[in-house]
Amino acid sequence: MEFLPTKSILQKVSYGEEWFGIDYNMNLYKGCSHQCIYCDSRSNCYQIEDFDRVRGKEKEIEILHQELKSKRKKGVIGIGAMSDTYNPLEKQYEITRKALKLIADYHFGVSIETKSNLIVRDIDLFQKINMTSDVILKLTITTADDVLCKKIEPCVCVSSERWKAMKELSNAGLLVGTLLTPILPFLTDSEENIKNVIRLSAENGAKFVFSMGGVTLRENQRDYFFQKLEQLFPNLKEKYIRTFGNQYFCYSQNQNLRKVFEDECKKYGLLYKMKDIIQAYRKKEEGEQLSFL
Ligand code: SF4
């Protein structure tokens, strides 16, 4: 694997009640090899050349160590926004695992989203982090149909494997849920799919399902998506162009879908509002603040 020069790893963010309320963000790898056909991270604006090739960063664990040591404010670190941190090279290099060990040692929390079942390898470290800080784990699952999954997310384990991983994480006492995002109009936006994803999440230990409701398309990412649609789903590209033109956010045409989503989550007692999910997992910080007061 190639290692790129880097000056810093941790980035301070303040999302408030958005995106799981994380305090810091980091991407331990550059690029992602999972090749999801809709991936937003391949958009021009992020300037990641050769996106499908995973690269590490020079001395990233040493740099992260220094950064964690010097931070006065603890908090939750988000991992995996621009690149799935459990890519196939992680098995060999264990960069994420080394980072998690440091996060545990310095009593930070962690918020991870992934499509890979490799996440279960690090259950021991999540449990350790969970003893002093907050942990939230998200398996991104967009379809309950493994055949469709293999087409739209071709280079990572299929949805059924992700649910098995979810069950293991949940059985280990960790807070885990599903990121049902994106929802691809005409492909994964049937009421049946939404219901199945929610039911299977509940059956496999999810405490929440979060969904943004549609898919974003822009610049070269749209071109890549359309190229894949042409290869995999005849006539669908034309349908997207007819329906959405050059629109950035493309929502399902089913106006009832959000209601179906919310009703199903309520039926299984799953959280689905970002505010509630944040409240459910950031208990330790609140507890610490209360004991301090
Ligand atoms: S796993 Fe995430 S970052 Fe990787 S290709 Fe898929 S959507 Fe993009």
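Residues numbered from 1 in each chain as written. Predicted model: local features only at pLDDT ≥ 70, side-chain atom pairs only at ≥ 80, totals over all residues.

With that out of the way, let us pick up the packing of helix H8 (residues 219–232) against helix H9 (residues 236–244). Between H8 and H9, whose axes approach to 7 Å, the crossing angle comes to 135°. On the basis of the axis angle, H8 is oblique to H9. Within the contact between the two elements, H8 uses Phe-226, Leu-229 and Glu-230 and H9 uses Leu-236, Lys-237 and Tyr-240. The residue inventory of the contact of H8 with H9, partitioned by class, reads 4 nonpolar, no polar and 2 charged. (Axes fitted to C-alpha atoms, helices over the stretch in contact; angles between N-to-C directions. Helix = DSSP H or I, 4+ residues; strand = E, 2+ residues; numbered from the N terminus. Parallel < 35°, antiparallel > 145°, perpendicular 65-115°, else oblique. Contact = placed C-beta atoms within 7 Å. Nonpolar A, V, L, I, M, F, W, Y, C, P; charged D, E, K, R; others polar.)

As a further point, take the pairing of strand S5 (residues 76–79). Judged by which residues are buried, S5 turns out to be covered on both faces: Val-76 and Gly-78 on one side and Ile-77 and Ile-79 on the other are all buried. Pairing of strand S3 (residues 24–26) with S5 involves 3 bridges; the strand directions are parallel. Across the sheet, the residue bridging to Asn-25 is Gly-78, located in S5. Two strands pair when backbone bridges link them, and S5 and strand S6 (residues 109–114) are joined in this way by 4 bridges, in the parallel orientation. For Val-76, the partnering residue across the bridge sits in S6 and is Gly-109. (Buried ≥ 20, exposed ≤ 12 C-beta atoms within 10 Å, placed from the backbone. Pairing = 2+ DSSP bridges.)

We now examine the pairing of S6. By the criterion of burial, S6 is predominantly enclosed, with 6 of the 6 residues buried. Here S6 shows no split at all, with Gly-109, Ser-111 and Glu-113 on one side and Val-110, Ile-112 and Thr-114 on the other all buried. Relative to strand S7 (residues 135–140), S6 is paired through 5 bridges, and the arrangement is parallel. Each bridged residue has a counterpart across the sheet, and for Ser-111 the counterpart in S7 is Ile-136. Regarding topology, helix H4 (residues 123–132) serves as the crossover connection from S6 to the parallel S7, and that connection is right-handed. (Right-handed = clockwise from strand over helix to strand, strands pointing away.)

Take H4 next. Within H4 the residues assigned to the buried category are Phe-126, Ile-129 and Asn-130. Along the long axis of H4, the arc covered by the buried residues comes to 105°, so they all point the same way. Seen from the buried face of H4, the exposed residues on the opposite side, beyond 90 degrees, are Asp-124 and Met-131. Elements in contact with the buried residues of H4: helix H3 (95–105), S6 and S7. (Arc of directions from axis to C-beta.)

The strand order across the open sheet built from 7 strands is S2-S3-S5-S6-S7-S8-S9, with neighbouring strands paired in mixed fashion. At either end of the open sheet lies a strand with only one pairing partner, and these are strand S2 (11–12) and strand S9 (208–210). Strands S6 and S7 of the sheet are contacted by H4, whose axis makes an angle of about 140° with S7.

Take Gln-253: it is sitting in the loop between strand S11 (249–251) and helix H10 (257–267). With 66 residues separating them along the chain, Gln-253 and Leu-187 place their C-alpha atoms 12 Å apart. Apart from residues lying up to four places away in sequence, Gln-253 is in contact with Pro-185 and Thr-243.

All right, on to the environment of Ser-8 then. For Ser-8, the position within the fold is in the loop between strand S1 (3–4) and S2. C-beta crowding within 10 Å serves as the criterion here: with 12 such atoms nearby, Ser-8 is assigned to the exposed category. A C-alpha to C-alpha distance of 30 Å links Ser-8 and Leu-169, two positions 161 residues apart in sequence. Ignoring any residue separated from it by four or fewer positions in sequence, one finds Ser-8 in contact with Ile-63 and Glu-67.

Take the packing of helix H7 (residues 191–203) against H10 next. At a minimum axis separation of 10 Å, H7 and H10 run at an interaxial angle of 25°. Comparing the axis directions of H7 and H10 gives the class roughly parallel. Here H7 and H10 pass one another in a crossing that is right-handed. Residue-level inspection shows Glu-191, Ile-194, Lys-195 and Ile-198 of H7 in contact with H10, the latter providing Leu-257, Val-260, Phe-261, Glu-264 and Cys-265. Classifying every residue of the contact of H7 with H10 gives 6 nonpolar, no polar and 3 charged. (Left-handed = near helix turned anticlockwise from the far one by under 90°.)

Note: most residues except glycine have negative phi, and most peptide bonds are trans. Omega for the bond connecting Thr-181 with Pro-182 falls within 30 degrees of zero, at 5°, which places this linkage in the cis form. Its location among the elements puts Pro-182 in the loop between strand S8 (176–179) and H7. Phi is positive for Gln-35, which is not a glycine, with a value near 60°. Mapped onto the elements of the fold, Gln-35 is located in the loop between S3 and strand S4 (56–57). The class of Gln-35 is partly exposed, set by 16 C-beta atoms lying within 10 Å. Even without being a glycine, Glu-219 presents a positive backbone phi close to 35°. Mapped onto the fold, Glu-219 is located in helix H8.

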